[in-house]
Amino acid sequence: MLTDRVHRVRIAHLPTPIDYLPRLSALLGGPRLYIKRDDQTGLATGGNKTRKLEFLIADALGHGADTVITGGAPQSNHCRQTAAAAARHGLRAVLVLKGEAPKPPHVGNILLDELLGAELRWSGDMPRDEALQAAFEAEQQSGHKPYLIPYGGSNEVGATGYVAAIEELQSQLRSGYLPICHFDAIVFASSSGGTQAGLSVGAKALGIQSRILGISVDKHADVLSELVADLANRTAERLGLNVRLSAGDIEVNDNYLGGGYAVVGAPEREAIRLVAQTEGLLLDPVYTGRAMAGLLDLIRKGEFSKGQHVLFWHTGGTAALSGFSEVL
Ligand SMILES: *Cc1c(COP(=O)(O)O)cnc(C)c1O
């Protein structure tokens, strides 16, 4: 395994299933669509951060931490999965959430954060990195041993989860689990870059030829592809893999940023309803709804041919749906 040299705790239900989407594929009349179900990683409603947390929690335990600290948007899926992973390992979780506490009743991920026993801190007007650093220092001063997990769990430790994930995909394809042994493209939502960095490193190390296409949720393509390449290289180095990537190797599409991060517009609403009503499958309002809206648009524009096989990597987030009921 590519990740053998680093520590890992087992949290996720792996391998996650891959489903064929016959009704959606037929309706669009384009490539055959499949979906990788990382919304089913099994940790408190699942999602892509669970894979990252297998390596992050192992690192935290290795550092003798008793507390993990991370931050995010109020409806952060990353924070909710961190709270759950911490609970499973007897660690405290301190979550620094952006802005002011919303009025109760709390819904979506915030409700789950509380049920999972996390301590919520609201950053108010403070810039996010300052707020995270302040929380870290406050924990140290009160005698705890905090371990800082970056936004989205996206450093070389967390990204390792997606190196393992693409190796998992390769073994599913080789095992005869599906009627095909290759995807022409792998499409997913990309934001803090850990998912795309891990997939890209793993694909290169394993010689996987699939196009790896990140639909940007909130960053311009040049910014995100630089960030992903840098993170990919640090991840490869930590794993001792002789793989180097440059921004030009990282494919990011930033045509679907809409009104900005977590602003649900008509494309996201259409994608969520279409997939729900043709396949009985839930997407989320912030990430997978936007990425699927992008994929639908690309298919309608003829970006993929009829004979191709495209894998949509579902990265989770459905726990946030009720937090967006007014705009959905
Ligand atoms: C965090 C998140 C992403 C983005 O993954 P990155 O590794 O941060 O790029 C995509 N989808 C969902 C549901 C997420 O919570």
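That block above? That's the structure.
Summary of the structure given here. (Residues numbered from 1 in each chain as written. Predicted model: local features only at pLDDT ≥ 70, side-chain atom pairs only at ≥ 80, totals over all residues. Heavy atoms only, no water.)

All right, on to the overall build of the chain then. Counting its regular elements, the chain contains ten helices and ten strands. If one aligns the C-alpha atoms of the chain with their principal axes, the spans along those axes are about 60 × 45 × 35 Å. Here the chain, with 328 residues, has 57% of them falling under the buried criterion. Long-range contacts, defined as pairs at least 24 residues apart, comprise 78% of the intrachain contacts of the chain with a sequence gap of at least 6. When the accessible surface of the chain is totalled, it reaches about 13300 Å², and 51% of it is carbon and sulfur. Positive and negative charge centroids in the chain, built from 31 and 35 side chains respectively, lie 5 Å apart. (Helix = DSSP H or I, 4+ residues; strand = E, 2+ residues; numbered from the N terminus. Buried < 20%, exposed > 50% of the residue type's maximum accessible area, 1.4 Å probe, protein only. Contact = heavy atoms within 4.5 Å. Areas by Shrake-Rupley, 256 points an atom, 1.4 Å probe, with all protein chains shown as cover. Lys, Arg positive; Asp, Glu negative; His and termini not counted. Charge placed at Lys NZ, Arg CZ, Asp CG, Glu CD.)

It is worth spelling out the environment of F55 at this point. Topologically, F55 is positioned in helix α2 (residues 49–62). Judged by relative accessible area, which is 0%, F55 ranks as buried. Put simply, F55 and V6 are 49 residues apart on the chain and 7.9 Å apart in space, counted from C-alpha to C-alpha. Those residues in contact with F55 that sit more than four places away from it in its chain are T3, V6, H7, R8, V157, T160, G161 and A164.

To continue, consider the sheet that holds strand β4 (residues 92–97). One open sheet accounts for four strands, arranged β5-β4-β3-β6; its pairing is parallel. The open sheet has two edge strands with one neighbour each: β5 (119–122) and β6 (146–148). Here the average twist between neighbouring strands, direction ignored, is 25 degrees. Examined bridge by bridge, β4 and β5 share four bridges and lie parallel to one another. From the neighbouring strand, L97 faces β5, where its bridge partner is W122. Its contacts with the sheet place helix α3 (residues 77–88) against β3 (67–72) and β4, and it is angled at close to 170 degrees to β3. (Pairing = 2+ DSSP bridges. Axes fitted to C-alpha atoms, helices over the stretch in contact; angles between N-to-C directions.)

In any sheet, the strands associate via hydrogen bonds between backbone groups, in a parallel or an antiparallel arrangement. Spatial strand order, β1-β2-β10-β7-β8-β9: six strands in an open sheet with mixed pairing. Only two strands of the sheet have a single partner each, and these edge strands are β1 (18–20) and β9 (251–253). Neighbouring strand axes in the sheet, compared pairwise and without regard to direction, differ in orientation by 30 degrees on average. Here strand β7 (residues 185–190) pairs with strand β10 (residues 309–314) via three bridges, running parallel. By the bridge assignment for β10, A185 is matched with V310. In the packing of helix α10 (residues 288–300) onto the sheet, contacts are made with β2 (32–37), β7, β8 (211–216), β9 and β10, and the angle to β10 comes to roughly 165 degrees.

Empty space within the largest pocket amounts to approximately 750 Å³. Taken together, 40 residues form the lining of the largest pocket, with R128, Y151, G152, S191 and S192 sitting closest to its centre. Mapped onto the lining of the largest pocket, the elements with two or more residues apiece are α2, β3, α3, β4, α5 (128–141), β7, α7 (194–206) and α8 (221–239). Residues of the lining of the largest pocket, tallied by class, amount to ten nonpolar, 21 polar and nine charged. Mapped onto the domain boundaries, the lining of the largest pocket takes at least three residues apiece from domain 1 (18–47 + 155–324) and domain 2 (49–153). Taken as a whole, the second largest pocket holds about 300 Å³ of empty space. Along the walls of the second largest pocket sit 13 residues, with Q75, V107, S322, G323 and F324 positioned nearest its centre. Each residue belonging to the lining of the second largest pocket can be placed in one class, and the counts come to six nonpolar, five polar and two charged. The two domains that each donate at least three residues to the lining of the second largest pocket are domain 1 (18–47 + 155–324) and domain 2 (49–153). (1 Å grid on protein atoms, 1.4 Å probe; cavity = no way out; pocket = protein on both sides within 12 Å on 5 of 7 lines; lining within 4 Å. Points joined across faces, edges and corners; volume = space filled by probe spheres on them. Nonpolar A, V, L, I, M, F, W, Y, C, P; charged D, E, K, R; others polar. Domains from an automatic or database assignment.)

By themselves, these figures tell us nothing about what the structure is for.
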